[in-house]
Amino acid sequence: MDIDQLLKIVKSVPKEKLRTDAGLKELLREIGQKSGKTFTDQQLNDYVAQFRKMARTEDANSMMDKLTKRGIQSGVLNRIKKGFRK
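In this report, the structure presented in the accompanying data block is examined. This is a predicted model, so every value here is computed, not measured.

## Describing the overall build of the protein chain
Within the protein chain, the secondary structure is distributed over 5 helices and 0 strands. Going from the N terminus to the C terminus, the protein chain shows its helices and strands as α-α-α-α-α. In terms of its C-alpha atoms, the protein chain occupies a principal-axis envelope of roughly 35 × 25 × 25 Å. Scored against the burial criterion, the 86 residues of the protein chain give a buried share of 17%.

Shown next as structure tokens:
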């Protein structure tokens, strides 16, 4: 799955789904299906907890720094930034 597909998925997410754990789990299942993966209930719970923690403690700049440290190229990061601005 490339960055453009991920950006389309992210933009299409209704904000209401991000407010509840059940909505997040549903969203993660949908994304998993689109990428060919299935998640166990424990994995979903872990991802929801991780999302909640990041939502409280992270901002856009710190997320971009983490992506850079993980080896994401600057060109890809620029495409992500442009995609969110549209």
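We are not done yet, so read on.
## What to know about helix α2 (residues 21-35)
Residues that lie three or four places apart on an α-helix share one face, since the helix turns once every 3.6 residues. For α2, built from 15 residues, the straight-helix expectation of 21 Å at 1.5 Å per residue is met to within 8% by its first-to-last C-alpha distance of 21 Å. Phi turns positive one or two residues past the end of α2, at Gly36, with a value near 85 degrees.

## Focus: the pattern of salt bridges
Per the stated rule, a full pass over the model turns up 4 salt bridges. In this structure, Glu30 engages Lys17 in a salt bridge whose closest nitrogen and oxygen atoms are separated by 2.9 Å. Highlighted residues: Glu30 in helix α2 and Lys17 in the loop between α1 (3-12) and α2, separated in sequence by 13 residues. A residue is classified by how much of its surface remains accessible, and Glu30, at 29% relative accessible area, is partly exposed. In this structure, Asp21 engages Arg52 in a salt bridge whose closest nitrogen and oxygen atoms are separated by 3.2 Å. Of this pair, Asp21 sits in helix α2 while Arg52 sits in helix α3 (residues 41-57), and the two are 31 residues apart along the sequence. Asp21 sits in the partly exposed class, given a relative accessible area of 40%. Residue classification places Arg52 among the partly exposed residues on the basis of a relative accessible area of 23%.

## Observations concerning the packing of aromatic side chains
Applying the stated criterion across every chain yields a total of 1 aromatic pair. Ring centres of Phe39 and Tyr47 lie 5.4 Å apart, and the angle between their planes is 80 degrees; this geometry places the pair in the edge-to-face category. Under the relative-accessibility criterion, Phe39 is labelled partly exposed at 26%. Tyr47 sits in the partly exposed class, given a relative accessible area of 35%.

## Some points on the packing of α2 against α3
To characterise two packed helices, one gives the angle between the axes of the helices and the distance between these axes. With their axes 10 Å apart at the nearest point, α2 and α3 run at an angle of 115 degrees to one another. Seen from above, α2 lies across α3 with right-handed handedness. Residues Asp21, Leu24, Lys25, Leu28 and Arg29 of α2 touch α3, and the partners they reach there are Asp41, Leu44, Asn45, Tyr47, Val48, Phe51 and Arg52.

Cut-off values and rules
- Residues numbered from 1 in each chain as written.
- Predicted model: local features only at pLDDT ≥ 70, side-chain atom pairs only at ≥ 80, totals over all residues.
- Heavy atoms only, no water.
- Helix = DSSP H or I, 4+ residues; strand = E, 2+ residues; numbered from the N terminus.
- Buried < 20%, exposed > 50% of the residue type's maximum accessible area, 1.4 Å probe, protein only.
- Expected span 1.5 Å × (residues − 1).
- Salt bridge = Lys/Arg side-chain N within 4 Å of Asp/Glu carboxyl O.
- Phe/Tyr/Trp six-rings, centres within 6.5 Å; stacked < 30°, edge-to-face > 60°.
- Axes fitted to C-alpha atoms, helices over the stretch in contact; angles between N-to-C directions.
- Left-handed = near helix turned anticlockwise from the far one by under 90°.
- Contact = heavy atoms within 4.5 Å.

What is shown is where atoms sit, not what they do.
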